[in-house]
Amino acid sequence: MSSDSQASEALPSRRRRTPRGGRHRGDESFLLPPGSPTLVLAVPGAARRTGAEIAAELARLVEIEHTGQPALVGHVAGDEASLPAVLAALPRQDEVTAVVVPLTTGPDPALEAAIGAAIAAAPVRAVAAEPLGPHPLIAEALHDRLADAGLARADRIRMMTMVTAATGVIVATPGGATAVRQAEVTSVLLASRLASPVFTGSLTDDATLRAMADQLRASGAASVALAPHLIGIEPEAGRIPAAAAAVGAAYAAPLGAHPALARLAALRYVEALSSALAG
């Protein structure tokens, strides 16, 4: 079989779902042909960590909304439902068997290293995809969570969410300087959606978050909202209430099993598979 014909069979075709109400009506999804490589969501932490059910729900959404094929979940810590075990259980074949999508909103060196080690040790051929973010869909999901918490006002006519001019937002992300730089891309997109100032800081750096909150208030913001730039499966998720309290801010929930993340997982799968087949 030629590489071109192999690529045409392995790559998903596009399908357009029946239009539905709400913000996502008319979205396109991907229909995977039988025998396509398995999409595996790589989750930081162990299977019994708080928030692990979010990954299972996202896998379900990926299958139902986008691919038509089961998506699996593999954890990079612990023995239960571990990523190495999930890859080892897949049927062996000569072509790409799995695409591993990191379930993270930005760069996570520890997660990427664990994925690389699992792929290197796997008895099947697997490739790693890019993290879910940065991407405009992350900004959309953050925007929704702010609205869910009553920290943004939904404009149903224009299908946008807006906050008042007197509100400032801090996007708080796990990780260090690299993660903050990546999240700043999403913050710019979020600011354009909210028509409100948005700063970006590390969720673990209370001093910087306080300085940002002070700057927002000094510039005229009567209130500050904290938007967690994480899914809820990360170890840092437990710091959200304390971080918000440290800066005197209200806060939104983590992104959780937001439909935008499921769509992003499908997109990252297609990107990684296309690259692997082209190479």
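Up top is the structure.
Please read these numbers as outputs of a predicted model, since none were measured by experiment.

Caption draft 1: Examining the layout of surface pockets more closely. Counted as a void, the largest pocket has a volume near 320 Å³. At the level of elements, helix 4 (109–121) and helix 6 (177–194) are the ones that each hand at least two residues to the lining of the largest pocket. Residue contributions to the lining of the largest pocket peak at four residues, all from helix 4. Residue composition of the lining of the largest pocket, by class: 11 nonpolar, eight polar and three charged.

Caption draft 2: Examining helix 4 more closely. Relative to the 18 Å expected for 13 residues at 1.5 Å per residue, helix 4 spans 18 Å between its end C-alpha atoms, a close match to the ideal helical length. The set of residues buried in helix 4 consists of Leu111, Ile115, Ala118 and Ile119. For helix 4, the arc enclosing every buried residue in end-on projection is 100°, short of the 170-degree limit, so these residues lie on one face. Structural note: helix 4 exposes Pro109, Ala110, Ala120 and Ala121 on the side pointing more than 90 degrees away from its buried face. Packing partners of the buried residues in helix 4 comprise strand 3 (38–43), helix 3 (83–88), strand 5 (98–102) and strand 6 (126–128).

Caption draft 3: Geometry of the sheet that holds strand 11 (residues 223–228). In space, the four strands of this open sheet follow the order 10-9-11-12, with parallel pairing throughout. Of all the strands in the sheet, just strand 10 (198–202) and strand 12 (250–251) have a single pairing partner and so form its edges. Direction of pairing for strand 9 (residues 167–173) relative to strand 10: parallel, over a ladder of five bridges. The partner of Thr173 across the bridge, within strand 10, is Ser202. In the packing of helix 5 (residues 136–148) onto the sheet, contacts are made with strand 9 and strand 11, and the angle to strand 11 comes to roughly 130°.

Caption draft 4: Expanded view of the environment of Ile138. Structurally, Ile138 can be placed in helix 5. Between the C-alpha atom of Ile138 and that of His258, which follows or precedes it by 120 residues, the distance is 9.4 Å. With near-sequence residues (within four places) excluded, Ile138 lies in contact with Thr105, Leu132, Gly133, Thr186, His229, Leu255, Leu261 and Leu264.

Caption draft 5: Structural context of the packing of helix 7 (residues 206–218) against helix 8 (residues 240–247). At a minimum axis separation of 8 Å, helix 7 and helix 8 run at an interaxial angle of 45°. The angle between the axes of helix 7 and helix 8 places the two elements in the oblique class. Crossing of helix 7 over helix 8 shows right-handed handedness. Along its contact with helix 7, which presents Asp206, Leu209, Arg210, Ala213 and Arg217, the element helix 8 presents Ala243, Ala246 and Val247. Across the contact of helix 7 with helix 8, the residue classes break down as five nonpolar, no polar and three charged.

Caption draft 6: Highlighting the environment of Ala172. Turning to its location among the elements, Ala172 is positioned in strand 9. C-alpha separation for the pair Ala172 and Ser202, spaced 30 residues apart in sequence, amounts to 5.4 Å.

Caption draft 7: Here's a closer look at the pairing of strand 3. Burial of strand 3 is extensive: six of the six residues sit out of reach of the surface. Of the two faces of strand 3, the one lined by Thr38, Val40 and Ala42 and the one lined by Leu39, Leu41 and Val43 are each fully buried. Crossover strand 3 to strand 4 (residues 72–75) through helix 2 (residues 52–67) is right-handed.

Caption draft 8: Structural view of the sheet that holds strand 3. Pairing is parallel in the open sheet, where four strands are placed in the order 4-3-5-6. Edge positions in the sheet fall to strand 4 and strand 6, since each has one partner strand and no second. Going across the sheet, the axis of each strand differs from the next one's by a mean of 30°, ignoring polarity. With five bridges connecting them, strand 3 and strand 5 associate as parallel partners. Within strand 5, the residue paired with Leu39 across the bridge is Val99. Across the face of the sheet, helix 2 comes into contact with strand 3 and strand 4 while running at roughly 160° to strand 3.

Caption draft 9: Spotlight on the pattern of salt bridges. What the rule picks out here adds up to five salt bridges. Asp206 is the partner of Arg239 in a salt bridge, and the nearest nitrogen-oxygen pair spans 3.0 Å. Placement of Arg239 in the loop between strand 11 and helix 8 and of Asp206 in helix 7 is noted, with a sequence separation of 33 residues between them. Between Arg268 and Glu271 there is a salt bridge, with its nearest N and O atoms 3.1 Å apart. Residue Arg268 and its partner Glu271 are both found in helix 9 (residues 259–278); the two are separated by three residues, about one turn of the helix. On the basis of relative accessibility, which here comes to 10%, the residue Arg268 falls in the buried class.

About the cut-offs
- Residues numbered from 1 in each chain as written.
- Predicted model: local features only at pLDDT ≥ 70, side-chain atom pairs only at ≥ 80, totals over all residues.
- Heavy atoms only, no water.
- 1 Å grid on protein atoms, 1.4 Å probe; cavity = no way out; pocket = protein on both sides within 12 Å on 5 of 7 lines; lining within 4 Å.
- Points joined across faces, edges and corners; volume = space filled by probe spheres on them.
- Helix = DSSP H or I, 4+ residues; strand = E, 2+ residues; numbered from the N terminus.
- Nonpolar A, V, L, I, M, F, W, Y, C, P; charged D, E, K, R; others polar.
- Expected span 1.5 Å × (residues − 1).
- Buried < 20%, exposed > 50% of the residue type's maximum accessible area, 1.4 Å probe, protein only.
- Arc of directions from axis to C-beta.
- Contact = heavy atoms within 4.5 Å.
- Pairing = 2+ DSSP bridges.
- Axes fitted to C-alpha atoms, helices over the stretch in contact; angles between N-to-C directions.
- Parallel < 35°, antiparallel > 145°, perpendicular 65-115°, else oblique.
- Left-handed = near helix turned anticlockwise from the far one by under 90°.
- Right-handed = clockwise from strand over helix to strand, strands pointing away.
- Salt bridge = Lys/Arg side-chain N within 4 Å of Asp/Glu carboxyl O.

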